[in-house]
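# An overview of the molecular structure
This is what each chain is made of:
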Amino acid sequence: MLGLALVAAVVVPVHFQGAQYDSPGPDGRSPASLNAEWITIVNDGTAPLSVADWTVRDASRVGYTFGKVTIPAKGVIRLHTGKGRNTATDLYWNSGNYIWNNTGDTATLRDAAGRVVDTCTWKQKANRTWVAC
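Below you will find a few notes about this structure. Because the structure is predicted, anything quoted here is derived from the model rather than measured.

Below, the discussion takes up the overall build of the chain. A tally of helices and strands in the chain yields one helix and 11 strands. Element order for the chain, N to C, with α for helix and β for strand: β-α-β-β-β-β-β-β-β-β-β-β. Looking at the chain as a whole, 38% of its 133 residues qualify as buried. Sequence separation of at least 24 residues holds for 56% of the intrachain contacts in the chain that already meet a minimum separation of 6. Computing the positive centroid from 13 side-chain charges and the negative centroid from 10, the chain places the two 2 Å apart.

Have a look at this one:
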């Protein structure tokens, strides 16, 4: 008799919500401009979820690894490109360069085991600097 292996998918209620991939104004790498580029991650679940050691990467594999971060139930965190002081809702990549390409990019969220949790892909659109994921 042939046995079929069932693979259980890991379902987590965390996903990208949107990305401000082109900060408003000229791209001069000022702290304000770098921090106006961001991506948001939401927890749609009914319980807080730790994202410690999870990663966000762009298409060229530039990456950010979360420290001891927990997203509350129904909570949203914003990951800014530039430098700043982390809070419960705003985290900082601490990059001196822009991460998200204005001409198009893909963000990938992976859990601590390296499994893809979500992706968000966009292409450049006229008069648009933000995209919903």
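On to the sheet that holds strand E11 (residues 130-132), then. With respect to topology, five strands assemble into an open sheet ordered E8-E7-E2-E1-E11, the strand pairing being mixed. Of all strands in the sheet, those with a lone pairing partner are strand E8 (90-92) and E11, marking the two edges. On average, each strand axis in the sheet is inclined to that of its neighbour by 25°, with strand direction left out of account. Where strand E2 (residues 38-43) meets strand E7 (residues 76-80), five bridges bridge the pair, whose relative direction is antiparallel. In the sheet register, threonine 40 faces E7, and the bridge partner there is arginine 78.

Turning our attention to the nonpolar core. The biggest cluster of nonpolar side chains holds 24 residues, and the ones touching the most others in it are Phe16, Ile41, Val56, Phe66, Trp100, Leu109 and Trp122. At the level of secondary structure, the elements contributing two or more residues to this core comprise strand E1 (14-20), E2, E7, strand E9 (104-110) and strand E10 (116-123).

Here we come to the sheet that holds E10. The four strands lie next to each other as E5-E4-E9-E10, forming an open sheet whose pairing is antiparallel. Two strands in the sheet have a free side with no partner beyond their single neighbour: strand E5 (63-65) and E10. Averaged over all adjacent pairs, the angle separating strand axes in this sheet is 10°, with direction ignored. For E9 and E10, the ladder comprises seven bridges, and the chain directions are antiparallel. Bridging across to E10, alanine 107 finds its partner in cysteine 120.

This part is about the side chain of glutamate 37. Turning to its location among the elements, glutamate 37 is positioned in the loop between helix H1 (31-35) and E2. Within the buried set, glutamate 37 has no salt-bridge partner at all; the shortest N-O distance to an opposite charge, 9.6 Å, is to arginine 29. Within polar-contact distance, the side chain of glutamate 37 engages the backbone nitrogen of isoleucine 99 at 2.8 Å. From its side chain, glutamate 37 meets the backbone nitrogen of tryptophan 100 in a polar contact 3.3 Å long. In this structure, glutamate 37 is in contact with Gln20, Tyr21, Ser23, Leu79, His80, Thr81, Tyr98, Ile99 and Trp100, ignoring residues within four places of it in sequence.

Cut-offs and rules
- Residues numbered from 1 in each chain as written.
- Predicted model: local features only at pLDDT ≥ 70, side-chain atom pairs only at ≥ 80, totals over all residues.
- Heavy atoms only, no water.
- Helix = DSSP H or I, 4+ residues; strand = E, 2+ residues; numbered from the N terminus.
- Buried < 20%, exposed > 50% of the residue type's maximum accessible area, 1.4 Å probe, protein only.
- Contact = heavy atoms within 4.5 Å.
- Lys, Arg positive; Asp, Glu negative; His and termini not counted.
- Charge placed at Lys NZ, Arg CZ, Asp CG, Glu CD.
- Pairing = 2+ DSSP bridges.
- Axes fitted to C-alpha atoms, helices over the stretch in contact; angles between N-to-C directions.
- Core = buried A, V, L, I, M, F, W, Y, C linked by side-chain atoms within 4.5 Å.
- Salt bridge = Lys/Arg side-chain N within 4 Å of Asp/Glu carboxyl O.
- Polar contact = N/O pair within 3.5 Å; in protein donor to acceptor, adjacent residues only side chain to side chain.

In short, shape yes, function no, at least from these values alone.
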